[in-house]
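The lines below spell out each chain.
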Amino acid sequence: MTKIRLYGLAKLMINLASRLALLGPLMSATAAEQAAEGPAAVVAKPDFCMFLANHWTYSDIGWSYGLKSCVQSVTDSLDMADYAPSVKTGINLDAAAFPLMAAANPEVIERLKRYLAEGKVEIIGGTYGQPMGSMVSGESNIRQLVAGQQTIRQTLGVTVSAFLEEEEFTHPQMPQLLKGAGYRYASAAQCNTWGKHGSPPLDLNVFQWQGLDGTCILVAPINGLVFHPPVVTHDIEWLWSPEGRRRVEELGRLGMPLAIKWVEFGWGPDELEGKTANKFFAAKFRELTAKYNVQYTTLTEYLDRYGAQAKERIQWRMDDFHKLEPWGCGGDQLRREEREVEAVLTAAERFDAAASLLGLTQGREAELDTAWEHLLTAQGHGVSLCEYLDDGLDYNGINDPAARQFLAATGSAEENAKVKSWGDMGFRYLAVAKQTGHAILESALHAIGAAVDTAAMSRGQTAAIVFNPGGSGRDAIVTARGVPLPAGAGARVVVRDADGRPVPSQVLAAERSGEAATADVLFQAHELPPFGYATYYLDQVKPDPVAPASDLRTSDTGWRLENACVSVELDPVNGAITHLVDRRSGLDLIDGKQRAFPIFSGRPNRKDPFGKDAPEEYDSAPSQAEISWVERGPVRAVVRVAHTWPQMRLEYWITLHSGSPEVDVRIRVAADVPPETLQERVNVWQPPLHIPDGYWFSFASAFQPTAVIRDFPFGVEPCGKDAIDALNFVDLVGPQGGLLLVHSGTQYFKRSGDVVFSNLAMREWHGIFMKKPGWPRLAEYRFALVPHGPDFTNADRLRCVENFDQSPICVLEALHVGRLARQRRFVSLDSAGLLLSAFRGVGQGAYEARVVEQEGRPASGQLSFDLPVGRYAPCDLLGKTLAPLQPPAQGAIPLSLTSWQIRTLWIEADSKSRGN
């Protein structure tokens, strides 16, 4: 009996060991053998944990390889769980791919759901389109996380708990964004492939990452145990080298180490045997198991079990990251267009929500969500990095059936035939998103405008309702397009405010057809309400009346523009700005003798087929330009400057408006030859952090800056580095004032010496990896130069950015009665340090408002509504309320935010007063 019992017990233990070996994560083969020896055996503590992270993407490479490559990527991940020693994989795939796979390959998605439920794999990252996070706005950061989580939840039934994207997505505001979007954990173990995420390496296993607002999230860092073979790093055999063993031992003294190996499944069959470009050998994990007591784990499982070893709480500044992004690639034209599309969509959301709350329209939230998804897709890292990729691997153009179906539904056959590269596809998604946004915005504005009482106390023949999409009040220059000019009317249009006072105006262009004529009219608007509108009136009269005074002046000799705020002087040879004087302080901000603004320079690639006639270097400083007046006031003055060289044409327009301190500069570069590409590389993929090649715009400040301030998503800080990554602006601050430079998407600046600053206009690097170089033959850029005093704040800077992105919109209306007043502010904030990031409908009579603190100190205020708001509650980014709903006090919601905090509110309409 005893022998039978012992035999049965031994057999039971062996069976148990076999099952554990199949399930994999809790025990290595060595530990299973120890368990089979008898009931007294003790499972040894693992030497370290191992996590396999698989990165693939549909929105770029899947467009060419097809959705089947995403299916291959997921299938290989699942197969690794079935492969002894049962390696667990984190699947880093853009969320947009999962619904497509569910429709095309439901059996793969069902298998994925089972493995997720059993803990054999997990979804990591989870963004909708896998962007480079520090290169898109804070609001786009949120939409990427939220749309990704919602899509994955709807398709797979899980909420992503661990954030780890292979490509760059790290900046100081990530902890509170991740926590707000439902993530529990994160990892900084991204990869330095085409770019460089720049997260600081740490000699730790786990730490608490504290965000700017104080939010903490548990994080696994970059610590020397992160692998991305075959090109970027060595493979995991390094772990059993003497150096690798020392590193494991060092981190083992601090707790349980975690090794992460990145892989890219999706290239094709036989992938686990190293027979594709991936060069992945599954057998290496068996060798690893033979040499170490390894626990194979998911990222969430590791942090669940070993997160308590985190002793350090670390807060990173943006300067702590050393990023190398695709700045200049494609001339940053995709990011420039992405920013314009986002401005349209946020404006459309705001006014659509206002019109819906007023009972004027049905909210179009679903269409706006789809438009946002198109934008998020176009922000994908592969679209930006490989904009011109149309060959060089083993495919040409866009081959995926779903991608082709999207093209067929959104363009003509002729247009679609030109879509061959990932950038072409990205621009198509942006065009569709922009078209939707414009249609919804126009519908909402006309619905509101039709309800405004323009007849009561009218001040002219036609009403011009000026809508301000921004969250702050402002003075602005407004364009009224298509103003009717009756037969016999004078050459000038008179514009009056609601009190009947004339304001400076300027007829830009007039078109006449028979007796009928229309004109575009520019006029000066004062004190436009935040996120609201004001009504002006237009008259066409004869004879022409005396125009109201304007402070705008242009010189009859030389090239000078000035108003009450600034004086601008241009070089008579190259046409660049040699002096920019802030007339309020007397400070000259640009040193034209050293470097005027903008000087264009760079070395062309003379090895290019079109480069043989190009000079060794382009330099606009000594070049004779064609200079001419385009407009001379009274509201706007514009100078056009043009340089023509072999294989290159440079044009820019310098604009000054009446009453405004901003100098607008719009630049167009037509480059028939790409810039020279530096061959030096940190590794096979990466150029140096300080980019020396490319075409550049540069200038010299006329003062010694004491600080250079730049922004990043939902944050602002001084930059102490000479390589300056700036999301929206660079501000050169001196003891008596400074010069803010707002840009439209050219995010990389560098400092040379003390006062010379250069902005990367265009860089070409595709030619190093592909069969042919890629660069935009025609690229456009826009800058606003804003002089300011020493008391200029972060909120002032960001309001300049908002005004730069969101121009007022003018809707012409006939004189008619209506139930809305001639002026209204829909939503407003009474605290200078708080900014409105979003206001939108979310369906079923609910709305969302988002407010951000941007001064870096606690702030209180009120969010006031002139809309029928019923109840509200704070909520997370996913819309989950965090407190009971309550009514606002007299239409206002009290707010108290900590430094850099992002606060989102769930708002329900007041059905009783809706429509008032």
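Structure first, text after, so check above.
Presented here is an overview of the structure given in this document. (Residues numbered from 1 in each chain as written. Predicted model: local features only at pLDDT ≥ 70, side-chain atom pairs only at ≥ 80, totals over all residues. Heavy atoms only, no water.)

1. Quick word on the side chain of serine 831
Heads up, the rule is: Going along the chain from the N terminus, every DSSP run of H or I of four or more residues is numbered as a helix, and every run of E of two or more is numbered as a strand. With a 1.4 Å probe rolled over the protein chains alone, any residue whose accessible area is under 20% of its type maximum counts as buried; one over 50% counts as exposed, and the rest are partly exposed. In protein, a polar contact means a hydrogen-donor-capable atom and an acceptor-capable atom, both N or O and within 3.5 Å, with residues adjacent in sequence counting only if both atoms are side-chain atoms; elsewhere, any N or O pair within 3.5 Å suffices. Contacts: residue pairs with any heavy atoms within 4.5 Å of one another.
Note that serine 831 resides in the loop between β41 (827-829) and β42 (834-843). In this structure serine 831 comes out as buried when scored by relative accessible area, which is 13%. A polar atom in the side chain of serine 831 sits 3.5 Å from the backbone oxygen of serine 860. The contact partners of serine 831, leaving out residues within four places of it in the chain, are Arg799, Ala859, Ser860 and Gly861.

2. Brief notes about helix α4 (residues 67-82)
Rules: A helix is expected to span 1.5 Å for every residue after the first.
For α4, spanning 16 residues, the distance from its first C-alpha to its last is 23 Å, which sits close to the expected 22 Å at 1.5 Å a residue. Three or more residues of α4 are buried, namely Leu67, Ser69, Cys70, Val71, Ser73, Val74, Asp76, Ser77, Leu78, Met80 and Ala81.

3. Looking at helix α20 (residues 794-805)
In this model α20 runs 17 Å from its N-terminal to its C-terminal C-alpha over 12 residues, within 8% of the 16 Å that 1.5 Å per residue would give. Of all 12 residues in α20, nine are buried, a share of seventy percent or more. Taken residue by residue, α20 has Asn794, Ala795, Arg797, Leu798, Arg799, Cys800, Val801, Glu802 and Phe804 as its buried positions.

4. Here we look at the sheet that holds strand β4 (residues 162-163)
Quick note on the threshold: Between any two strands, at least two bridges found by DSSP are needed for them to pair. Axes, fitted as lines to C-alpha atoms, cover a helix only where it is in contact. Angles between the N-to-C directions of the axes lie from 0 to 180 degrees.
Overall, mixed pairing links the five strands, which are arranged β4-β5-β7-β6-β11 in an open sheet. The sheet is open, and its two borders are formed by β4 and β11 (313-314), each paired with just one other strand. Of the strand pairs in this sheet, β4 and strand β5 (residues 185-187) are connected by two bridges, and their pairing is parallel. Note that in β5 the partner of alanine 162 across the bridge is tyrosine 185. Docked against the sheet, helix α11 (residues 299-306) engages β4, β5 and β7 (216-220), running at close to 110° with respect to β5.

5. So, the packing of helix α13 (residues 365-378) against helix α17 (residues 422-451)
This is how it is decided: Here is the rule for angles: anything less than 35 degrees is roughly parallel, anything more than 145 is roughly antiparallel, 65 through 115 is roughly perpendicular, and the remaining ranges are oblique. A crossing counts as left-handed when the near helix is turned anticlockwise from the far one by less than a right angle, and as right-handed when that turn is clockwise. Residue type decides the class: Asp, Glu, Lys and Arg count as charged, Ala, Val, Leu, Ile, Met, Phe, Trp, Tyr, Cys and Pro as nonpolar, and the leftover types, Gly among them, as polar.
Packing of α13 against α17 brings their axes to within 8 Å, and their N-to-C directions diverge by 155°. It follows from the interaxial angle that α13 and α17 lie roughly antiparallel. Crossing hand, α13 versus α17: left-handed. Contact with α13, carried on its side by Glu367, Leu368, Ala371, His374, Leu375, Thr377 and Ala378, involves Gly426, Tyr429, Leu430, Val432, Ala433, Thr436 and Ile440 of α17 and no other residues of that element. For the contact of α13 with α17, a count of residues per class yields nine nonpolar, four polar and one charged.

6. So, the pairing of β42
Of all 10 residues making up β42, nine are buried, and the element is well covered by its neighbours. Relative to strand β43 (residues 846-853), β42 is paired through eight bridges, and the arrangement is antiparallel. Bridge pairing links leucine 834 to glutamate 853 in β43. Counting the residues in the hairpin turn of β42 and β43 gives two residues, including glutamine 844, whose phi is positive at 55°.

7. Topic: empty space enclosed by the protein
Here the idea is plain: a probe the size of a water molecule rolls over the atoms and shows the empty space left. How we decide: In the cavity and pocket records, a cavity denotes points on a 1 Å grid over the protein atoms alone where a 1.4 Å probe fits but cannot get out, a pocket denotes an open set with protein on both sides within 12 Å along at least 5 of 7 lines, and lining residues are residues with an atom within 4 Å of a point. Grid points are joined across faces, edges and corners, and a volume is the space filled by probe spheres set on the points.
Overall, the coordinates contain nine cavities of 30 Å³ or more when judged by the stated rule. By volume, the largest cavity amounts to about 730 Å³. Lining the largest cavity we find 36 residues, and of these Ser137, Glu342, Asn728, Val801 and Asp805 sit closest to its centre. Going through the elements one at a time, α7 (138-156), α12 (333-357), β31 (707-712), α20 and β42 are the ones with two or more residues in the lining of the largest cavity. At seven residues, α12 tops the list of elements feeding residues into the lining of the largest cavity. Split by residue class, the lining of the largest cavity holds 11 nonpolar, 15 polar and 10 charged. There is about 90 Å³ of room inside the second largest cavity. As for the second largest cavity, its lining consists of 12 residues, and the residues nearest its centre are Trp194, Glu325, Pro687, Arg763 and Trp765. Its residues placed into classes, the lining of the second largest cavity shows eight nonpolar, one polar and three charged.

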